[in-house]
Amino acid sequence: MSYTTPDHVIEEAVRFHGHVCPGLVIGIRASEVCLKEFGHNNEEPVCCVCETDMCGVDAIQFMTGCTLGKGNLMQRDYGKMAFTFYRKRDGKGFRLLLNHDALGAEHAESAELLKKDLEGTITPEEAERLAMLRERTRLQILDAPIESLFTRMEPNQYIPRPAKILETLICASCGEGIMESRSRRFDGKILCIPCFNKVEQKV
Ligand SMILES: [Zn+2]
Ligand SMILES: [Zn+2]
C-alpha cells in the first residue's frame, strides 16, 4: 500500500462522507500531497480549488481543513478530476490532475453499470459486479504511487481572493438580507439573485 493516511483517518473520512467509494480515496490521496508539502490548514493557511463536484471534495475538506464554509475551498465545477492547492503565506501552489489510467482498465464498464444503477435499471448480478469493480478501483487508487496517480503541474487558476466582509443590503422584493457582492440591480431597485431571476424571466 502506498497511501500514507492512517487507516483510522480513512475510516473517519468515510464516516464524514457517508459511504465507501473510489472518489473519496482520490481526494484522500490528493490531500496527502497537500499535507506533506504545506501541512493542514490549521497549522499553515492553505486553500484549494476543486475542479469537480464529485465525492473527493469531501475528503479534501475533511483531510486538509480547506472547507466551503471557511471560504478556502473553491469549487469550480469543470468536471475535471483536478485539485489545486495554494499556501497563503507565499502563494506557492501546485495542481494535481488525476491520470485517467489510474481508474483502471475496467473504468468504462464501471461507468456503464453506474449509469444503469442511477437509472434504476441495474440487475442484481450487475449491481454485485459494480460493487466489486468499484472496490477494486478503490484499492488500486490507495495502492498507486502518487506520481502515477496524478500529473503535477503549475497552477492554472488565479489564486482565490480571501473572503471579504461586505455590507448587507435588503432585497426590495422579498425583504431578505443579502451580501452586497451577491446583489443585483433592476429598474433602480436592489434585488437578491432569486428575485432578480424572477423579474428577468418576465421581461
Ligand atoms: Zn462517494
Ligand atoms: Zn429577494
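J.: I'd like a description of the packing of helix H2 (residues 22-37) against helix H5 (residues 124-143), backed by residues and values.
T.: Where H2 contacts H5, the two axes come as close as 8 Å, and the packing angle between them is 5°. By the criterion of interaxial angle, the relationship of H2 to H5 is roughly parallel. Taking contact as the criterion, the partners of Pro22, Val25, Ile26 and Arg29 in H2 are, on H5, Arg134, Thr137, Arg138, Ile141 and Leu142. Considering only residue class, the contact of H2 with H5 consists of five nonpolar, one polar and three charged.

J.: Hey, could you go over the packing of H2 against helix H3 (residues 56-64) for me, with residue numbers and the actual values?
T.: Helix-helix packing is described using two parameters, namely the angle between the two axes and the distance between the axes. Two elements in contact, H2 and H3, have axes whose closest approach is 7 Å; the angle formed by their N-to-C orientations is 35°. Judged by the sense of rotation from one axis to the other, the crossing of H2 with H3 is right-handed. Here H2 contributes Gly23, Leu24, Ile26, Gly27, Ile28, Ala30, Ser31, Cys34 and Leu35 to the contact with H3, which in turn contributes Gly56, Val57, Asp58, Ala59, Ile60, Met63 and Thr64. Grouping the amino acids of the contact of H2 with H3 by side-chain chemistry returns ten nonpolar, five polar and one charged.

J.: Got a sec to walk through the domain arrangement of the protein? Specific residues and values, please.
T.: Per the domain assignment, the segments of the protein are domain 1 (7-153) and domain 2 (168-202). Taking only C-alpha atoms, the centre of domain 1 and the centre of domain 2 are 36 Å apart.

J.: Explain the pairing of strand S3 (residues 82-87) to me, and be specific about the residues and the numbers.
T.: Where burial is concerned, most of S3 is hidden: five out of the six residues are buried. Pairing of strand S1 (residues 46-50) with S3, which is carried by five bridges, proceeds in the antiparallel orientation. Across the sheet, the residue bridging to cysteine 48 is phenylalanine 85, located in S3. Across five bridges, the pairing between S3 and strand S4 (residues 93-98) is antiparallel. Across the sheet, the residue bridging to alanine 82 is leucine 97, located in S4. Hairpin remark: S3 followed by S4, antiparallel, with five residues in the connecting loop; positive phi at glycine 91, about 70°.

What counts, and at which threshold
- Residues numbered from 1 in each chain as written.
- Chains lettered and ligands numbered in written order.
- Predicted model: local features only at pLDDT ≥ 70, side-chain atom pairs only at ≥ 80, totals over all residues.
- Axes fitted to C-alpha atoms, helices over the stretch in contact; angles between N-to-C directions.
- Helix = DSSP H or I, 4+ residues; strand = E, 2+ residues; numbered from the N terminus.
- Parallel < 35°, antiparallel > 145°, perpendicular 65-115°, else oblique.
- Contact = placed C-beta atoms within 7 Å.
- Nonpolar A, V, L, I, M, F, W, Y, C, P; charged D, E, K, R; others polar.
- Left-handed = near helix turned anticlockwise from the far one by under 90°.
- Domains from an automatic or database assignment.
- Buried ≥ 20, exposed ≤ 12 C-beta atoms within 10 Å, placed from the backbone.
- Pairing = 2+ DSSP bridges.

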